[in-house]
Amino acid sequence: MTAAWRKLRVLFSTRFAEMVEYRAEVVIWMLSGTLSLVMMLVWMAQAASAPDGKINGYTPAEFASYFLGIWVTGQLLVVWVAWELDVEVRQGTLSPKLLRPLDPMWEHYAAHVAERVVRFPAMLGLVALFAWLAGASFSTDPLHYLAALGLALLGFSARFLYEYTIGLLAFWTESSTSFQELVWLLYAALGGMFAPLAFYPGWVQAVAVWTPFPYMLGLPAQLLAGKASLADAGRGALVLGAWLVVFWFVRLAVWRLGLRKYGAVGA
Amino acid sequence: MTRYLRLMRLFTGATLSAQLEYRANFVGAILASLGEVGVALLGIGVLFGQPGTDTVGGWTFHEALLVTGFFMLTEGVISVFIQPNMSKIAEAVRTGSMDFTLLKPLDAQFGVSTRHLNVLRVGDLLIGLGLIAYAASHLTLTPGGFAGAAVLYLSAVVIVYCIWLALSTTAFWFVKTQNASELFNGVFGAARFPVTAFPVPIRALLTFVVPVAFITTVPAQALTGTLTPALALASPLVAAAAFVLTRLFWKKAVASYTSASS
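Residues numbered from 1 in each chain as written. Chains lettered and ligands numbered in written order. Predicted model: local features only at pLDDT ≥ 70, side-chain atom pairs only at ≥ 80, totals over all residues. Heavy atoms only, no water.

## Observations concerning the overall build of chain B
Consideration 1: Along its length, chain B carries eleven helices and zero strands.
Consideration 2: Scaling as 2.2 N^0.38, a compact globule of 262 residues should have a C-alpha radius of gyration of about 18 Å, and chain B matches this with 19 Å.
Consideration 3: Out of the 262 residues in chain B, the part that is buried amounts to 48%.
Consideration 4: About 12,300 Å² of surface is accessible on chain B, with carbon and sulfur atoms providing 70% of the total.
Consideration 5: Counting 15 positive and 10 negative side-chain charges, chain B places the averaged centre of each group 11 Å from the other. (Helix = DSSP H or I, 4+ residues; strand = E, 2+ residues; numbered from the N terminus. Rg over C-alpha atoms; globule rule 2.2 N^0.38 Å. Buried < 20%, exposed > 50% of the residue type's maximum accessible area, 1.4 Å probe, protein only. Areas by Shrake-Rupley, 256 points an atom, 1.4 Å probe, with all protein chains shown as cover. Lys, Arg positive; Asp, Glu negative; His and termini not counted. Charge placed at Lys NZ, Arg CZ, Asp CG, Glu CD.)

Structure, rendered in structure tokens:
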């Protein structure tokens, strides 16, 4: 147990030091993910020009709350591991990592978590500014924040695992990162980055509830905006937990197959 | 002039044969293009899917689709012609291979801007043109509108090129420029919607501060015949001004270049 704990501490503190070096970049990365902000502005203008000032029961301020919630949650869910794996497999820098008595996945996971710590303060500052400019208001119940954070953590872990699996496809194909773009599309669409899920056609909603995406992105945003209950959060956590188990085993299977392939080509 | 055209043909031939060696990348490029158009279409699809919504920012569905078409077309222009060249400027400055470009008896800005080509993303160009054609077939357009849109889109491309070149030229002072282009992509994402779909203060920002409006909204307005003469004039003027300014900036950067070793 102590050995594992020490490994974890060293992993995290080295990755944290690395991420602090990149702090200027972290702010730029935050600002470059603008799709949810663009959608927020468009929906706000739509609602403002509607005859009763609402679209599907959402006022401009409610749109602002929802999409800023999406923006914040999206910031917590950022995963870039597929790009790194792609480079590591292609350039062979994966090989020395295989000699260590630790699955290389944990190193990436620690880097992502450490980056979140660097990102968090800047994110709070920006969201406060945006909320003030757009007139958004957030839930006043501290439990909602805890639940949103918990869901975001589960969602991040699930996303990390499936993105890692996609990255591992680099063992077989050169275009693994383009699969990632397609999966991002599913994540953004079903997660509710374009609009709250209730705005989608019924059949899309019926499909979406079986996927992890609405619970990792849309649900935390609704909690922050004060539009979802703790019971919803509990149900979402269960679905996400189930998906987490699935992704865990898929990742493990693909990793083992991939290593065999990697070894076979003599790397 | 003919010398430059001949060089462009040579460059194109060279990059084409280099790229077609990697056939697997082709599949990846198609997937990526599909992803791009998916995001663009979902964005306006959900907006117009709401009951009682006929227009967004005063644009009907097919008119807004024109803007999406111009957006995809511009994404294509960026990924086929602009980005492959511009992303190499920073690398050339860092490794010192910029020396060779500057030593050639050829305008250096032309050299860095036309050397590479990403043919794999031609799909984006086709998708963009296809969307424009589909949307146009549902609208009544005039030949004058077409001509106007073509001219205004040309200035749009010049504006996009100038923004990218200006951002990439900063590589002469800062080693990394990737982040600047990330930031541009973030702001450019707003161009998938007509600029009137945004709240009024943002509209001004998208027209005058970051001239995103000139890139997709203005050509689409020219097609539908709703363009005001002021904007029609402003677009080529902005393009010309941007070109002169980035040209001066480029000259200044090259003058201060001291190669990688010193």
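## Details of the nonpolar core
Consideration 1: Ranked by size, the top nonpolar core spans 153 residues in total, and within it W43, F63, W71 and F194 of chain A together with I89, M98 and F193 of chain B carry the most contacts.
Consideration 2: Among the elements that make up this core, the one with the highest residue count is helix α3 (residues 61-95) of chain B (17 residues).
Consideration 3: Excluding residues within four positions of it along the chain, F63 of chain A makes contact with M40, W43, M44, A47, I55, Y58 and F199 of chain A. (Core = buried A, V, L, I, M, F, W, Y, C linked by side-chain atoms within 4.5 Å. Contact = heavy atoms within 4.5 Å.)

## Observations concerning the UniProt feature "transmembrane region" (unreviewed entry) in chain A
Residues and elements named next belong to chain A.
Consideration 1: If you check UniProt for "transmembrane region" (unreviewed entry), the listed places come out as residues 20-43, 63-83, 117-137, 143-162, 182-200 and 237-257 in our numbering.
Consideration 2: Taken end to end, residues 182-200 is 53% helix and 0% strand, and its first and last C-alpha atoms sit 19 Å apart.
Consideration 3: Helix makes up 100% of residues 237-257 and strand 0%, whereas the separation of the span's terminal C-alpha atoms amounts to 30 Å. (UniProt positions renumbered as here; feature names shortened; annotations may be inferred.)

## Quick notes on the packing of helix α7 (residues 104-134) of chain A against helix α8 (residues 142-168) of chain A
Residue and element names in this part refer to chain A.
Consideration 1: For the pair α7 and α8, the least separation of the axes is 12 Å and the interaxial angle reads 135°. One way to sum up the angle between α7 and α8 is to call them oblique. As α7 packs across α8, the resulting crossing turns out to be right-handed. Residues P104, M105, H108, Y109, H112, V113 and R116 of α7 pack against F156, S157, F160, L161 and Y164 of α8.
Consideration 2: A breakdown of the residues in the contact of α7 with α8 according to their chemical character gives eight nonpolar, three polar and one charged. (Axes fitted to C-alpha atoms, helices over the stretch in contact; angles between N-to-C directions. Parallel < 35°, antiparallel > 145°, perpendicular 65-115°, else oblique. Left-handed = near helix turned anticlockwise from the far one by under 90°. Nonpolar A, V, L, I, M, F, W, Y, C, P; charged D, E, K, R; others polar.)

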